[in-house]
Amino acid sequence: MEQEILDSPDSVAERACQLILSAAANAIARRGLFRLVLAGGTTPAACYRRLADAAATWQHWHLFFGDERCLDPDDPDRNSTMVATALTGRVAIPGRQIHPIPAERGAEIAARDYEQTLAGALPFDLVLLGLGEDGHTASLFPGHVHPPGRLVVPVHDAPKPPPDRVSLSAAALGECRELIFLVTGAGKQAAVRQWQSGQACIASGIQTSGTSRLLMDSAAAGSQATPAD
Ligand code: 6PG
């Protein structure tokens, strides 16, 4: 896991934006398309806004979601709403290439349906993930057990509201050429420390044969090394 400590959330967003654009150019040059899995929550929104301001061959971009909350499609708390506001409502990615998780159908049906959507889409070129204060990522929460062999799992009783969600499994999230965690804020220090101590945690359970990076700001890094120059 390559780690970069940057001096602010804006620096993390900018660095992530540059890495995503570079991965896209590389994937499109080699394979003619770029398959990106988007993180939810609030941290990545600043990165998505920067992406929307960038020049990219959007017609070759294919967007998937790492997780979604079981809310109505236009609910302001949906990850798809955050992404539409920050990115997809501002750039010309063809609608047929944007794949929201149909979480409004309920967790079980949506998980099954999204597995069909993912058929043929693996491996992803790049997976973006956040990290919760309790160490969760996507909607994979500590203490939750999911059936093996699934690409997409239903989630109930999530400690972070709403309780019902849909998430790509750890196995599916690791099926990528590059994995980037975006972590900012002092509230994430304990989760980062646990992860880096080598203790088993959700984030360490996501293994890729490709490149994995942790981009964090100095607030999340706590008393670690100084920010990258
Ligand atoms: C969600 C996200 C979740 C998020 C972390 C961090 O649906 O809530 O997918 O996994 O990435 O909880 O959230 P913040 O970026 O808001 O701190």
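Structure: see above.
The shown structure was predicted, so the numbers you read here are calculated from the model rather than taken from an experiment.

**Student:** Mind showing me how you'd approach helix H4 (residues 107-118) here?
**Tutor:** For the α-helix, the turn length of 3.6 residues means that residues three or four positions removed from each other point alike. Helix length check: H4, at 12 residues, gives a terminal C-alpha distance of 16 Å against a target of 16 Å (1.5 Å per residue), a fit within 8%. For H4, the full list of buried residues reads Ala 107, Ala 110, Ala 111, Asp 113, Tyr 114, Glu 115 and Leu 118. On its buried face, H4 is in contact with strand S3 (61-65), strand S5 (98-99), strand S7 (152-155) and strand S8 (165-168). Gly 120 occupies a position one or two residues after H4 and carries a positive phi of about 90°.

**Student:** Could you clarify how one ought to interpret the environment of Glu 133 in this entry?
**Tutor:** Positionally, Glu 133 belongs in the loop between strand S6 (126-129) and S7. Judged by its relative accessible area of 57%, Glu 133 falls in the exposed class. For the pair Glu 133 and Val 192, spaced 59 residues apart in the sequence, the C-alpha separation amounts to 8.7 Å. If sequence neighbours within four positions are ignored, Glu 133 has contacts with Gly 187, Lys 188 and Ala 191.

**Student:** For this particular structure, what's the right way to read the side chain of Glu 4?
**Tutor:** Turning to its location among the elements, Glu 4 is positioned in strand S1 (residues 2-6). Within the structure, the side chain of Glu 4 is placed 2.7 Å from the side chain of Arg 15, a separation counted as a polar contact.

Rules used in this analysis
Residues numbered from 1 in each chain as written. Predicted model: local features only at pLDDT ≥ 70, side-chain atom pairs only at ≥ 80, totals over all residues. Heavy atoms only, no water. Helix = DSSP H or I, 4+ residues; strand = E, 2+ residues; numbered from the N terminus. Expected span 1.5 Å × (residues − 1). Buried < 20%, exposed > 50% of the residue type's maximum accessible area, 1.4 Å probe, protein only. Contact = heavy atoms within 4.5 Å. Polar contact = N/O pair within 3.5 Å; in protein donor to acceptor, adjacent residues only side chain to side chain.

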